[in-house]
Amino acid sequence: MPDNASVSHVESVRDAALAELAAADTAEQIEAWRIAWLGRRGRLTQVLRGVGGLSPDERRSVGSAANRVKSLLEQARAERQDAVARAKSDADDFTDAIDVTLPGWPTPVGGLHPTTQMIREICDAFGSMGFDVVEGPEVEWDLYNFEMLNIPKGHAARDMWATLWVDQPDEDDDYPMLMRTQTSPMQIRTMQERKPPIRVIVPGKCYRYEATDATHEWHFYQVEGLAVDRGITFADLKGTLYEFARRIFGEERQVRFRCDYFPFVEPGVDMSISNFKDPQTGKRPINRDEDWIEILGAGMVHPKVLEGVGLDPQIYTGFAFGMGPERISMLKYGIEDIRLFYSNDLRFLNQF
Ligand code: PHE
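Residues numbered from 1 in each chain as written. Predicted model: local features only at pLDDT ≥ 70, side-chain atom pairs only at ≥ 80, totals over all residues. Heavy atoms only, no water.

Visitor: Is there a simple way to think about the overall build of the protein chain in this case?
Guide: What the protein chain contains, in helices and strands, is eleven helices and nine strands. Against the compact-globule benchmark of 20 Å for 352 residues, the protein chain has a radius of gyration of 44 Å, which places it well outside the compact range. C-alpha atoms of the protein chain, sized along the principal axes, occupy 130 × 60 × 40 Å. The burial tally for the protein chain puts 41% of its 352 residues in the buried class. (Helix = DSSP H or I, 4+ residues; strand = E, 2+ residues; numbered from the N terminus. Rg over C-alpha atoms; globule rule 2.2 N^0.38 Å. Buried < 20%, exposed > 50% of the residue type's maximum accessible area, 1.4 Å probe, protein only.)

Visitor: Quick question: what am I supposed to make of the nonpolar core here?
Guide: Within soluble globular proteins, side chains that are nonpolar generally end up buried alongside one another. The biggest cluster of nonpolar side chains holds 33 residues, and the ones touching the most others in it are Ile 122, Phe 126, Leu 241, Phe 244, Leu 296, Phe 321 and Met 323. Residues within four places of Leu 296 in sequence aside, it is in contact with Leu 241, Phe 244, Val 269, Asp 270, Met 271, Phe 321, Gly 322 and Met 323. (Core = buried A, V, L, I, M, F, W, Y, C linked by side-chain atoms within 4.5 Å. Contact = heavy atoms within 4.5 Å.)

Visitor: Would you take a moment to explain a nonpolar patch on the surface for this structure?
Guide: On the surface, Phe 94, Ile 98 and Val 100 cluster together into a nonpolar patch covering about 330 Å² of accessible area. Mapped onto the secondary structure, Ile 98 falls in the loop between helix 4 (56-97) and helix 5 (114-127). (Patch = residues over 30% accessible without salt bridge, like charges linked within 9 Å, V, L, I, M, F, W, Y side chains within 5 Å. Areas by Shrake-Rupley, 256 points an atom, 1.4 Å probe, with all protein chains shown as cover. Salt bridge = Lys/Arg side-chain N within 4 Å of Asp/Glu carboxyl O.)

Visitor: Is there a simple way to think about the pattern of salt bridges in this case?
Guide: One pass over the structure, following the stated rule, counts 17 salt bridges. The closest approach of N and O atoms between Arg 246 and Glu 251, which form a salt bridge, is 2.6 Å. Under the relative-accessibility criterion, Glu 251 is labelled exposed at 53%. Note that Arg 284 and Asp 289 form a salt bridge whose closest N and O atoms lie 3.2 Å from each other. Among the residues examined, Asp 289 registers a relative accessible area of 65% and is labelled exposed. Because the salt bridges share partners, they merge into one network encompassing Asp 142, Glu 147, Lys 153 and Arg 158.

Visitor: Is there a simple way to think about the domain arrangement of the protein chain in this case?
Guide: For interface size, the figure often reported is the accessible area lost on association. Partitioning the protein chain into domains gives domain 1 (3-96) and domain 2 (114-349). Distance between the C-alpha centres of domain 1 and domain 2: 91 Å. (Domains from an automatic or database assignment.)

Visitor: Where do I start with the site of the ligand in this structure?
Guide: If you check the shell around the ligand, you find 15 residues, and the closest are Gln 182, Ser 184, Arg 208, Gln 222 and Glu 224. Here a nitrogen atom of the ligand and a side-chain polar atom of Ser 184 are 2.8 Å apart. Within the complex, the protein chains bury 92% of what would otherwise be the 320 Å² of accessible surface of the ligand. For the shell around the ligand, the elements supplying multiple residues, two or more each, are strand 5 (219-230), strand 8 (292-301) and strand 9 (316-323). (Near = heavy atom within 4 Å. Polar contact = N/O pair within 3.5 Å; in protein donor to acceptor, adjacent residues only side chain to side chain.)

Visitor: I'm lost on helix 3 (residues 43-50) in this one. Help?
Guide: It helps to recall that an α-helix has 3.6 residues per turn; residues three or four apart then point in one direction. Buried within helix 3 we find Leu 44, Thr 45 and Val 47. Along the axis of helix 3, the buried residues cluster in a sector spanning 155 degrees; they form a single face. Buried residues along helix 3 sit against helix 1 (7-22), helix 2 (27-38) and helix 4. (Arc of directions from axis to C-beta.)

Visitor: How should the packing of helix 3 against helix 4 be read in this particular structure?
Guide: For any two helices packed against each other, the geometry is given by the interaxial angle and the distance between the axes. Their axes nearest at 10 Å, the elements helix 3 and helix 4 cross at an angle of 155 degrees. On the basis of their axis angle, the class for helix 3 and helix 4 is roughly antiparallel. Where helix 3 crosses over helix 4, the two elements pack in a sense that is left-handed. Counting all contacts with helix 3, which are made through Leu 44, Val 47 and Leu 48, the residues of helix 4 involved are Ala 66, Asn 67, Val 69, Lys 70 and Leu 73. Residue classes in the contact of helix 3 with helix 4 are distributed as six nonpolar, one polar and one charged. (Axes fitted to C-alpha atoms, helices over the stretch in contact; angles between N-to-C directions. Parallel < 35°, antiparallel > 145°, perpendicular 65-115°, else oblique. Left-handed = near helix turned anticlockwise from the far one by under 90°. Nonpolar A, V, L, I, M, F, W, Y, C, P; charged D, E, K, R; others polar.)

Visitor: Just checking my understanding: could you explain unusual backbone geometry for this structure?
Guide: Backbone phi values are negative for most residues with the exception of glycine, while trans is the configuration of most peptide bonds. The step from Pro 196 to Pro 197 runs through a cis peptide bond, and the omega angle for that step is 0 degrees. The residue Pro 197 is located in the loop between helix 7 (185-193) and strand 4 (198-207) in this model. Each neighbour pair has its own omega, and for Glu 266 with Pro 267 the value is -5 degrees, a cis peptide bond. Even without being a glycine, Asn 150 presents a positive backbone phi close to 70 degrees. Judged by its relative accessible area of 18%, Asn 150 falls in the buried class. For Asn 344, which is not glycine, the phi dihedral falls at a positive 55 degrees. Relative to the assigned elements, Asn 344 resides in the loop between helix 10 (325-333) and helix 11 (346-349). For Asn 344, a relative accessible area of 62% puts it in the exposed group.

Visitor: Would you take a moment to explain the pairing of strand 7 (residues 265-274) for this structure?
Guide: Each regular strand displays side chains that alternate between the two surfaces of the sheet. Burial analysis of strand 7 places eight of its ten residues in the buried class, the great majority of the element. Summarising the sheet, strand 6 (residues 255-259) and strand 7 pair through five bridges and their orientation is antiparallel. By the bridge assignment for strand 7, Cys 259 is matched with Val 269. (Pairing = 2+ DSSP bridges.)

Visitor: Just to check I follow, could you spell out the pairing of strand 4 for this structure?
Guide: Most of strand 4 is tucked away: nine of the ten residues are buried. As paired strands, strand 1 (residues 132-133) and strand 4 are joined by two bridges and run parallel to one another. Bridge pairing in strand 4 places Asp 132 opposite Val 200. In this sheet, strand 5 lies alongside strand 4 in antiparallel orientation, the contact comprising ten bridges. Each residue of the ladder has a partner; that of Gly 204, found in strand 5, is Gln 222.

Take a look at the structure:
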């Protein structure tokens, strides 16, 4: 009896065929496998052919074993073909969807607006000196924006603030409404709400009925400051603002105070920072041909303003100041036109 005519030989053919099939990873390899085992001269085909020459008993047992192995191998081939095809199409999908060699899409990450950055810098400087940050309404009563700041109706000083009215004021209207022209009304609101010692800083948007140009916007920000307590003097105002100027503009800068007029302070001043030529380079810190550059208005809170909110000016004193963060950015970064801040030009904004 030839060796290939036993049931155990059929089984070893089966095991060898299945092992080889498991290693076939492509349609071509599977086809080669089919020809090698199930083809006309395939190894299993030869076993089947040999069955004819066996004794009737062997023919039955070996023949049926070989036939079972044949259908088993055909089924195994079909399954292997499916599996290989599926793996290939998954791989194709994956390579179509993601080309890992391409650079990624840049995700644009927004930044803080330069005004926001400057406001934060200012608030941080005063925050570390003990000031609280508070905010108030942009639509304001005439009462707070003017009246209680010692600027009565008809007072010439109202001309300092070209006003956008929400209701036109008339004779009978005691409480006309406006877009606040300054953050100073928050001095009044704060003194009505808090008891001394008061130390607040108020960033916020202001509006003026003005034509725009390189140094004027019709809407802009201010940062107001207010300190009220017993025994506050002009020296406190100077010390606080001096410290602030050094933090924003650097250790080397000097400050200068000059008299200025605001109806709600007495005395009133403006403060400038030094912009001297460097003796070596001949350059100025801020590229403007001036030795002093004005950055804010300030003064001691007017006794009438204190009285108006029920504080006795014999007991309490205070100082207030107000500045424009855009103007401070313009000085610090050499920006020449205030309108750049609010024209949404990314070429400008991206630089911050
Ligand atoms: N509110 C004033 C302005 O807009 C600035 C200022 C504030 C002056 C506080 C003195 C004290 O011009």
